[in-house]
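# Descriptive analysis of the structure
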Amino acid sequence: MSVPPGMMNRKTGPVLINIALLTITGFWIFCGWLLVTCGPRKFFLMAAAWTLGYKTLWRLPSSDEKLTQAESELLQTIQSLGISFEKTTTTISNRRSINAVRFRKEGNPENKQILMCIHGLGAGLGVWVKNVPHLVDMYDIWCVDLLGFGLSSKDKFRGTTPEEAAKWWVSSLKEWHDANIPKGVKVDLLGHSLGGFVAASYAISHPSDIRQLLLAAPVGVISSKETIDRMSKTTRIALRIAFAIGLSRSRMVSLLGPFAHSVIQKVLVRRRRWYGFDEGPLSKYVSHLACAPVTGELPLRCLLHPRRGWVEPLAKQLSHLSTTSKVSIIVGKNDFTSSESLQSQISQYSSSIKTIIVDDVGHHMYATHPEEFTNIILSL
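Residues numbered from 1 in each chain as written. Predicted model: local features only at pLDDT ≥ 70, side-chain atom pairs only at ≥ 80, totals over all residues. Heavy atoms only, no water.

## Considerations on the packing of helix 5 (residues 162-180) against helix 13 (residues 297-304)
- Running from N to C, helix 5 and helix 13 point in directions that differ by 140°, and their axes come no closer than 8 Å. Relative to helix 13, helix 5 is oriented oblique. Taken as a pair, helix 5 and helix 13 cross one another with a handedness that is left-handed. Between helix 5 and helix 13, the residues in contact are Pro 162, Ala 165, Trp 168 and Trp 169 and Pro 299, Leu 300, Cys 302 and Leu 303, respectively.
- A per-class count over the contact of helix 5 with helix 13 returns 8 nonpolar, no polar and no charged. (Axes fitted to C-alpha atoms, helices over the stretch in contact; angles between N-to-C directions. Helix = DSSP H or I, 4+ residues; strand = E, 2+ residues; numbered from the N terminus. Parallel < 35°, antiparallel > 145°, perpendicular 65-115°, else oblique. Left-handed = near helix turned anticlockwise from the far one by under 90°. Contact = heavy atoms within 4.5 Å. Nonpolar A, V, L, I, M, F, W, Y, C, P; charged D, E, K, R; others polar.)

## Considering the pairing of strand 8 (residues 354-358)
- Taken together, the 5 bridges between strand 7 (residues 326-332) and strand 8 define a ladder with parallel strand orientation. Counted as the bridge partner of Ser 328 is Lys 354 from strand 8.
- Traced from strand 7 through helix 15 (residues 339-349) to strand 8, the parallel crossover comes out right-handed. (Pairing = 2+ DSSP bridges. Right-handed = clockwise from strand over helix to strand, strands pointing away.)

## Side note on the state of the cysteines
- Taken as a whole, this structure holds 0 disulfides when the rule is applied.
- Unpaired in this structure, Cys 117 has its nearest cysteine sulfur neighbour in Cys 143, at a distance of 4.2 Å.
- Using a relative accessible area of 2% as the deciding quantity, one classes Cys 117 as buried. (Disulfide = S-S within 2.5 Å. Buried < 20%, exposed > 50% of the residue type's maximum accessible area, 1.4 Å probe, protein only.)

## Let's talk about the pairing of strand 3 (residues 113-118)
- Here strand 3 lies mainly inside the structure; 5 of its 6 residues are buried.
- The pairing of strand 3 with strand 4 (residues 139-144) spans 6 bridges and is classified as parallel. Considered in strand 4, the bridge of Ile 118 is made with Val 144.
- With 4 bridges connecting them, strand 3 and strand 5 (residues 187-192) associate as parallel partners. In the strand pairing of strand 5, Leu 115 is matched with Asp 188.

## Details of the sheet that holds strand 6 (residues 210-216)
- Reading across from one edge, 1-2-4-3-5-6-7-8 is the order of the 8 strands in this open sheet, with mixed pairing throughout. Taken across any chain shown, the strands that pair with only one partner, and hence form the sheet edges, are strand 1 (83-92) and strand 8. Mean inter-strand twist for the sheet, computed between neighbouring axes without regard to direction, equals 20°.

## Describing the packing of aromatic side chains
- This model, assessed by the stated rule, comprises 4 aromatic pairs.
- Relative to Trp 176, the ring of Trp 142 lies with its centre 5.2 Å away and its plane at 80°, an arrangement referred to as edge-to-face. Taken together, the positions of Trp 142 in strand 4 and Trp 176 in helix 5 put the pair 34 residues apart, joining distant regions of the chain.
- Taking 5.5 Å as the distance between ring centres and 65° as the angle between the ring planes, the aromatic pair formed by Trp 168 and Trp 169 counts as edge-to-face. Exposure class is identical for Trp 168 and Trp 169. Each is buried.
- Clustering of aromatic rings is evident, with ring pairs tying together Phe 157, Trp 168 and Trp 169. (Phe/Tyr/Trp six-rings, centres within 6.5 Å; stacked < 30°, edge-to-face > 60°.)

## Digging into the side chain of Ser 172
- Counting through the fold element by element, Ser 172 comes out in helix 5.
- Of the residues examined, Ser 172 reaches a relative accessible area of 1% and is grouped as buried.
- At 3.4 Å, the side chain of Ser 172 and the backbone oxygen of Trp 168 are in polar contact.
- Each residue touching Ser 172, except ones within four places of it in the same chain, is listed here: Ile 92, Ile 98 and Leu 147. (Polar contact = N/O pair within 3.5 Å; in protein donor to acceptor, adjacent residues only side chain to side chain.)

## Quick notes on the confidence of the model for the protein
- Model confidence for the protein is summarised by a mean pLDDT of 82, while 79% of its residues fall at 70 or above.
- Looking at the elements of the protein, mean pLDDT is at its lowest for helix 1 (residues 5-38), recorded as 57, and at its highest for strand 5, recorded as 98.
- Below pLDDT 50 for its whole length, residues 1-16 participates in 2 contacts with residues either more than four positions away or in separate chains. (pLDDT = per-residue confidence, 0-100.)

## Remarks on the side chain of Glu 71
- With respect to the secondary-structure elements, Glu 71 resides in helix 3 (residues 64-79).
- Here Glu 71 is in contact with Lys 87, Asn 99, Leu 125, Asp 145, Leu 151 and Tyr 285, once residues within four sequence places are set aside.

## Overview of the nonpolar core
- Core analysis: the largest hydrophobic core is formed by 52 residues, its most contacted members being Phe 103, Ile 141, Tyr 285, Ile 330 and Phe 373.
- The element contributing the most residues to this core is helix 12 (residues 281-291), with 6 residues.
- For Phe 373, the contacting residues outside a window of four places in its chain are Trp 128, Asn 131, Leu 190, Ala 216, Ile 330, Met 365 and Tyr 366.
- Counting residues in each nonpolar core, the second largest holds 48 residues, with Phe 157, Val 170, Trp 176 and Phe 197 among its members. (Core = buried A, V, L, I, M, F, W, Y, C linked by side-chain atoms within 4.5 Å.)

## Section: the pattern of salt bridges
- For the structure shown, the criterion picks out 11 salt bridges.
- Between Glu 71 and Lys 87 there is a salt bridge, and its shortest N-O distance comes to 2.4 Å. Placement of the pair is Glu 71 in helix 3 and Lys 87 in strand 1, with a sequence separation of 16 residues.
- Between Lys 105 and Asp 137 there is a salt bridge, with its nearest N and O atoms 3.1 Å apart. Of the two residues, Lys 105 is situated in strand 2 (residues 96-105) and Asp 137 in the loop between helix 4 (132-135) and strand 4; the sequence distance between them amounts to 32 residues.
- With a relative accessible area of 26%, Lys 105 lands in the partly exposed category.
- Using a relative accessible area of 44% as the deciding quantity, one classes Asp 137 as partly exposed. (Salt bridge = Lys/Arg side-chain N within 4 Å of Asp/Glu carboxyl O.)

Structure representation (structure tokens):
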């Protein structure tokens, strides 16, 4: 049965108008944020450059070479504490590679328990430097750049579903694990935010590799729909705008051009209490991470899509994992997700999953309160 042309227009017309309005609104909100953050002079220089079409000159002040240098400078601060590190690049399938670093305390035995650390969105292996000195006495520590982030391969994600996104990361980590971790050795797996989702997905897919699963402010433990429903109306509108116009963190950063590095460092300093990245090598490293090209945001969009995103809570599958491995979830009380809601939902699925709510800390507790965070891990 054919659809009359008039009916087609009545259905598609409002949708197109809404997308256009959301795009225009998002553009002006972003312009306002740029004006406040950069100041009038830099803002008008940016606007003039884009208006005149100087995109070829509007390059980001970062590259893999600069990120490598910033990472090396950051790792040197760890070495000065008597902690040795070994950088590795592991080749996996399809000519891809995973960047990682191994931390060991000089004089420690070779057979220490292994801890694998997986970072969150827009981060890299170096963000754990505040935690390494507190953990290295107990652990042989591996920190890994997820596929699509940091100095790992920027492989283009070609999937369309949340399940394909999870598999994209898990399969690459499994290849890295088998190449670097001795056969039969079970690891403690720590993941933050997006890294928490990846760590949980990995543990569910490969439970024989895991002794203990540690999730810090993870996404995906409860369904994305429930998380979105708890957001404020303003946040939900902003999310709709972002998905309607294909906006992402890296695209926003690219609009800043040569000013990106200085603007991001200014934001990190202003919001030090939220991010915990102090001025110095760590702040420089994080700002280069933000300016460097990434492809890991593409599968993330599949996970967080307001309508087609991750629906099945990982808590259900983690309840089965908790019968063979220890599972602990650490969440700050001031996190953007509801810690109380997460705790109550976890208890519905399993009483053996331990949930720790930390007062007066937010999403980046590993950086803002490193000693408190690592003390919790060591106590589990």
